[in-house]
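Summary of the model geometry
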Amino acid sequence: MSAVTDGENALTGLRVAVLGPGGVGGLLAALLARDGAAVTCLAGAATAEHLRTAGIRVESAHFGDLAVPVDAAERLTAPVDVLLVTVKATHLDDALERVPADVLGDALVVPLLNGVEHVDHLRRRYPQAGVVPATIRVESTRTAPGVVQHGSPFVTVDLVAVPGLEQRVRRLADALQQAGVTTRVGDDEPAVLWSKLNFLAPLALLTTAAQATAGEVRESRREDLEAIVGEVAAVARAEGAPADEEQVVAFFDGVPAGMRSSMQRDAAAGRPLELDAIGGAVVRAATRHGIAVPVTARYVDELRERHPGS
């Protein structure tokens, strides 16, 4: 995967595998395939068969409604340039069985998962690959196999230009940008990973515990909101990431009052929670650094009791 020159189509010849073609993966697969990338979605047998025959349909006020053909398979059987990992953290290990390390080779692996610990996990599992820490900000939901409802007026991806992979990461950024995804490339790995967790952890823990919207919890649980934000920020700084508590609280106050977290939606639907990847990761990092996070830990413990196995 080489750098792109002026006038070159960054998507031409780009081979992309999408592990987990749900709300996020399905949207990215459709956008990349629409504009020329060779996309293969990796999923279970029934979903893969549906995608091979019907493709992916995206319903989006931002991009318009799309119907895009894609290839699909249960396992990766041929080399690709990029593997986008877009499953829930709770399904990661099972999903990775679809991607043999010897087939993946030195491809870029771009995990768009919640949390921070999955990056080291992927580097251990795929030592020859180039694992690129990344985050995505989008509201996008799989409503049926091969059907994605994109609700936000944006899709934003942050990528880290890992030393030795800079040109390949920038070509991927060009491809995503060309496909309509706002893409930023930085060089600060902790900053990219923790910048999302600084906001996500308070949002997920509070809305799920209260089964209430962001607007409701920022009023009824204000003290806990400010405490969790402060605790996560302290851990983020210890991890080497910048964190501004006032900025996070101000952002929380500015999000739509009706906003709900994906963890909250999973709880309401009886699905496993990404509690360990989000709240558990904060508590473990805090323990490593000797930082007290009593309010965060209380919410994590409470949700674990209410949702065994999470």
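Remember, it's a predicted structure, so these values are computed and weren't measured experimentally.

1. Topic: the sheet that holds strand S12 (residues 156–160)
Taken in spatial order, the three strands make up an open sheet running S9-S12-S13, and their pairing is mixed. In this open sheet, the two strands that pair with only one neighbour each are strand S9 (134–137) and strand S13 (182–186). Strand after strand, the sheet turns through a mean of 15 degrees between neighbouring axes, direction not considered. Relative to S12, S9 is paired through four bridges, and the arrangement is antiparallel. Opposite arginine 137, over in S12, you have threonine 156 as the bridge partner. Against the sheet, helix H6 (residues 166–178) makes contact with S12 and S13, and its axis sits at roughly 165 degrees relative to S13, the strand it touches most. Its contacts with the sheet put helix H7 (residues 189–210) on S9 and S12, and the angle it makes with S9 is roughly 30 degrees.

2. Remarks on the packing of aromatic side chains
All told, the structure shown has two aromatic pairs when counted by the stated rule. Residues phenylalanine 199 and phenylalanine 251 carry aromatic rings whose centres are separated by 4.9 Å and whose planes lie at 85 degrees to one another, so their mutual orientation is edge-to-face. With a gap of 52 residues between them, phenylalanine 199 in helix H7 and phenylalanine 251 in helix H10 (residues 245–254) connect regions that are remote in the sequence. Given a relative accessible area of 13%, phenylalanine 199 falls into the buried group. Site record: aromatic cluster; members linked through ring pairs are Phe199, Phe251 and Phe252.

3. What about the packing of H7 against H10?
Running from amino to carboxyl end, H7 crosses H10 at an angle of 55 degrees, the nearest separation of the two axes being 10 Å. Judged by the angle between their axes, H7 and H10 are oblique. Classified by chirality, the crossing of H10 by H7 is right-handed. Facing Asn198, Phe199, Pro202 and Leu203 of H7, the residues of H10 in contact are Val248, Phe251 and Phe252. For the contact of H7 with H10, the class distribution of residues is six nonpolar, one polar and no charged.

4. Topic: the confidence of the model for the protein
On average, the protein scores 94 in pLDDT, and the residues at 70 or more come to 97%. Between residues 2–7, whose pLDDT stays under 50, and residues either more than four places distant or in other chains, the model counts seven contacts.

Reading guide: rules and limits
- Residues numbered from 1 in each chain as written.
- Predicted model: local features only at pLDDT ≥ 70, side-chain atom pairs only at ≥ 80, totals over all residues.
- Heavy atoms only, no water.
- Pairing = 2+ DSSP bridges.
- Helix = DSSP H or I, 4+ residues; strand = E, 2+ residues; numbered from the N terminus.
- Axes fitted to C-alpha atoms, helices over the stretch in contact; angles between N-to-C directions.
- Contact = heavy atoms within 4.5 Å.
- Phe/Tyr/Trp six-rings, centres within 6.5 Å; stacked < 30°, edge-to-face > 60°.
- Buried < 20%, exposed > 50% of the residue type's maximum accessible area, 1.4 Å probe, protein only.
- Parallel < 35°, antiparallel > 145°, perpendicular 65-115°, else oblique.
- Left-handed = near helix turned anticlockwise from the far one by under 90°.
- Nonpolar A, V, L, I, M, F, W, Y, C, P; charged D, E, K, R; others polar.
- pLDDT = per-residue confidence, 0-100.

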